Structures are given as structure tokens and as C-alpha cells.
Amino acid sequence: MVHNAMPTRLAALKWIHHLLITVPHSIFQQVEDFFSLLLKSLSDPADEVVLRDLEVLAEISSNTAGQYYSPKLEHDVMPYPNIPQNSLKHSGGLNRYFTKFMISLLNLFSTDQTLLDGRGPFIIRQLCILLNAEDIYRTLAVVLLHEEDLKFTSLMVQYLNSILVTSTELFELRNQLKDLQSEESCSLFVCLYKCWCHNPVTTVSLCFLTQTYQHTADILELFGDLEITVDFLAEIDKLVQLLESPIFTYLRLQLLDTQHNQFLVKSLYGLLMLLPQSEAFNTLRRRLECVPNIHFQIQNDRRTNLKLCPSSRPMLKKINFKELLSHFQEVQTMHKMKKRNQMIASVSFKDNDQVKKSTKV
């Protein structure tokens, strides 16, 4: 797998995959010896090698023989000791090596920005084909909640959200979240939401996807307390463009019924008020100008969206949106404090550096 010739690396991966299928127990006794090499192969310059490598890692994560073996939990591979084991439950088709793979993958992304930017979305999409997409997203969300590097968590959430709302590989998962008709889908939404809170704009995107428009409006009201940066506005710009894509056709059609979608209209106007008068501003304004306004009137009675009525989505009763809103505020406060501490540390370092220079003089 480390040979200079690409065909040799590819042949080695094919052979390992073949052995995993034919004599899995023999291979799992040796998995720890080459697992780290499989992770390094994700950075291989040849796409064909990366694809075959992902197939091998997926087979290791899903092979039934893996249930009889426990992966080693080295600190450099498992840097999240505080994750409750019951929060990492997954479907019956996966084994404990799946959890190790997901944690190792995030650790790899956090230390290799080039890999994340260049191959990250490709790797995640392919894994969603090879394995269960819900398990992948749920596990990654749980692990990221315990990540100490908040900047990396926010960046990773951006990538995961972009893949979720745009990739054809995640069509079924999107529909599951859009409808929220089962206890499992609501549980997934809450799990993703708590992680997505590390990035305010992706949180809004997730709420648009799940049609929880009243909560979307509540979140946007809190945006006035956040630091509005150029990058923040650029994310909102991308969200506006995304709302114009085929993925959100259902959302745009709901604008025809303003009487029962007042919080959707209010949320879109909230985005409009956040944007400077740019192309994204004009795009969203033109869209809102098309909204029928004969019976439109924002009322003060907090009337919910028709989609949120108990008769249409009864499972929503089990979601504590007040608790989720509090969690959003707590996470944003944590980000604010982290940034403040970094600024203080930077100033202190500069002051100490100046003192040393003056002392030498």
C-alpha cells in the first residue's frame, strides 16, 4: 500500500478486500497492523486507489466478523474519551471498527486541511453509498460535539451540511429529515441540530430542510447578538443561492400559502434584513416579491406552520425546541468565549515579546 507504483498499491487493496470477504476472521486478527496504512491511503493522489481503499475500510466497518474483535483505543486514534458509549449506537449491520473509522477520519481531517478541502466531500459521499448514511452522519455529529477545536468543528459542519443538502447520494436521508414522520427521524434531527449549532447559518439551513420554520424564525432573532463577519455574510449568500435550487422547491411552493406559512416568510425576511444590498439580497427580495400578499399579514399569535400541526407531524411533539434554542445560545456563547480567550492570549504573547526585545536593548 506504500509502493511507488499505483497498480501495486491498487492490487494490494484488492487483495485485502478479497481476503476480508473470503477469510474475514484471519484478516481481523491482523487489522490493527495495517489500519493506519489504510487511513493514510485516503491521501493517495490516485482516485482509483482512494475508492478501493474506502471499499476496504467500509468492509472492515460492516463485516460481521468484526463483531468478535475489539479495536485498539490508542489515544492518538481515539482522542475523545468523554463520548458516552450509548450515544454511538448504530444499525445492526456495523461493528465497533466503524466507530473507530469515523473517529480516525475526523482526526485525519483535523490534522490535514488539504485532505479535507480536496477530498473530504468525495470521501463522505462515497462512504454514504458504501455504508448507512444515517449512521455516518449520526456518529460524526456525536463525535464532533466532543471536539475541542471549535473552529474545525464549525468547518466540518459546513462540509457535512453542504453534502447533506446537495448530494444525490443522500436523497433518502434528506427526505427522512424533511418529513420528520418517525421517532428515528426526529432523533436524528436533534442529534444533527446539536452539532450543527457550531455554525449558525448551517443550523438555519437544517431547519429549512426539516420545515421547522417557527424555530428558524426564533434562531434568526438571535443573530442580532452574533458577530456578523464577512465570512458569515458569505455563508448566508450561499444559503440564499441554495434556497433557489431544486432541493428547496417544496419550500418555495409553500410560499403560495402565506396564511399557513407565516414563519417561513418571516424567516426569509429575516435573512433579507441580515444581507447587505448585494446580488443575494436582490435574489431573495425578488423571490419575496412573488409571494401572494392579499391575505398575508404577520400576526402576533405565534400560529404554527400547517406542516407542524399534530395531525400532520405528531412526532414533533417529542422535540423540545426551547431546549434546542438554549443549546444554540450556549454553543454560540462558547464560541464567543473561545475567540475572546484567543485574542487575550495573542495580545499577551505580543506584549511578552515586546518586553523581551526591550530587555535585550
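About the cut-offs
Residues numbered from 1 in each chain as written. Predicted model: local features only at pLDDT ≥ 70, side-chain atom pairs only at ≥ 80, totals over all residues. Heavy atoms only, no water. Salt bridge = Lys/Arg side-chain N within 4 Å of Asp/Glu carboxyl O. Helix = DSSP H or I, 4+ residues; strand = E, 2+ residues; numbered from the N terminus. Buried < 20%, exposed > 50% of the residue type's maximum accessible area, 1.4 Å probe, protein only. Core = buried A, V, L, I, M, F, W, Y, C linked by side-chain atoms within 4.5 Å. Contact = heavy atoms within 4.5 Å. 1 Å grid on protein atoms, 1.4 Å probe; cavity = no way out; pocket = protein on both sides within 12 Å on 5 of 7 lines; lining within 4 Å. Points joined across faces, edges and corners; volume = space filled by probe spheres on them. Axes fitted to C-alpha atoms, helices over the stretch in contact; angles between N-to-C directions. Left-handed = near helix turned anticlockwise from the far one by under 90°. Nonpolar A, V, L, I, M, F, W, Y, C, P; charged D, E, K, R; others polar. Polar contact = N/O pair within 3.5 Å; in protein donor to acceptor, adjacent residues only side chain to side chain. Phe/Tyr/Trp six-rings, centres within 6.5 Å; stacked < 30°, edge-to-face > 60°. Lys NZ or Arg CZ within 6 Å of the ring centre and 35° of its normal. Expected span 1.5 Å × (residues − 1).

*Asks:* Could you give me a rundown of the pattern of salt bridges, with the residues and numbers involved?
*Replies:* Across all of its chains, the model carries twelve salt bridges by this definition. Here E134 makes a salt bridge to R138, at a shortest N to O gap of 3.0 Å. Highlighted residues: E134 and R138, both in helix α7 (residues 133–144), separated by four residues, approximately one helical turn. R138 carries the same exposure label as E134, and that label is buried. Of the charged contacts in the structure, one is a salt bridge between E221 and K266, with a shortest N-O distance of 3.1 Å. Taken together, the positions of E221 in helix α12 (residues 213–222) and K266 in helix α15 (residues 262–274) put the pair 45 residues apart, joining distant regions of the chain.

*Asks:* Lay out the nonpolar core in plain terms, naming residues and giving numbers.
*Replies:* Grouped together as the largest cluster of nonpolar side chains are 109 residues, with contacts concentrated most on Y137, L164 and F208. Counting residues per element, this core draws most heavily on helix α5 (residues 96–111), which supplies nine residues. Excluding residues that lie within four positions of it along the chain, L164 makes contacts with Y137, L170, L173, R174, L177, L192, L206 and L209.

*Asks:* Account for the environment of Q176, with residues named and values stated.
*Replies:* Take Q176: it is sitting in helix α9 (residues 171–179). Overall, the relative accessible area of 24% leaves Q176 in the partly exposed class. Here the alpha-carbon distance between Q176 and T210, two residues 34 residues apart in the chain, equals 8.8 Å. Setting aside its immediate chain neighbours within four residues, Q176 contacts E134, E184, S185 and L188.

*Asks:* Residue-level account of the layout of surface pockets, with values.
*Replies:* The gaps of empty space that remain are located by a probe, the size of a water molecule, rolled over the atoms. The calculated volume of the largest pocket comes to roughly 890 Å³. Along the walls of the largest pocket sit 24 residues, with S154, E227, T229, H335 and K339 positioned nearest its centre. Contributing elements (two or more residues each) for the lining of the largest pocket: α8 (150–166), α13 (230–243) and α17 (321–360). Here the lining of the largest pocket takes eight residues from α17, the largest share from any one element.

*Asks:* Outline the packing of helix α6 (residues 113–130) against α8, listing residues and values.
*Replies:* In the contact formed by α6 and α8, the axes pass within 10 Å of each other and the chain directions differ by 35°. The two elements α6 and α8 meet at a crossing, and its hand is right-handed. Listed contacts from α8 to Q113, L116, D117, P121, I124 and R125 of α6 are F152, L155, M156, Y159, L160 and I163. Taken together, the residues of the contact of α6 with α8 sort by class into nine nonpolar, one polar and two charged.

*Asks:* Quick rundown of empty space enclosed by the protein? Include the residues and the values.
*Replies:* Applying the stated rule across the entire model yields one cavity of 30 Å³ or more. Approximately 50 Å³ is the volume found for the largest cavity. As for the largest cavity, its lining consists of V240, L243, E244, L251, R252, L255, L268, L284 and R287. Going through the elements one at a time, α13, α14 (249–254) and α16 (279–289) are the ones with two or more residues in the lining of the largest cavity. The residue makeup of the lining of the largest cavity, split by class, is six nonpolar, no polar and three charged.

*Asks:* Hey, could you go over the side chain of N95 for me, with residue numbers and the actual values?
*Replies:* Mapped onto the elements of the fold, N95 is located in the loop between α4 (47–62) and α5. Under the relative-accessibility criterion, N95 is labelled buried at 2%. One polar contact links the side chain of N95 to the main-chain carbonyl oxygen of I60, over a distance of 2.9 Å. Engagement of the side chain of N95 in a polar contact is seen with the backbone oxygen of N63, the distance being 2.8 Å.

*Asks:* I'd like a rundown of the packing of aromatic side chains, residues and numbers included.
*Replies:* Per the counting criterion, the structure on display carries nine aromatic pairs. Measuring from ring centre to ring centre gives 5.5 Å for F28 and Y97, while their planes differ by 55°; the resulting arrangement is tilted. Placement of the pair is F28 in helix α2 (residues 24–28) and Y97 in helix α5, with a sequence separation of 69 residues. With respect to burial, F28 and Y97 carry one shared label: buried. In this structure an aromatic cluster arises from ring pairing among F28, F35, Y69 and Y97. Across the ring face of F35, the terminal group of K100 is positioned such that the distance to the ring centre comes to 4.8 Å. When the ring centre of Y250 is taken as origin, the NZ or CZ atom of K178, which lies over that ring, is 4.6 Å away.

*Asks:* Describe helix α1 (residues 6–22), with residues and values.
*Replies:* Over its 17 residues, α1 extends 24 Å from the first C-alpha to the last, a length consistent with the 24 Å expected when each residue adds 1.5 Å. Taken together, the buried residues of α1 touch α2, α3 (31–40) and α4.

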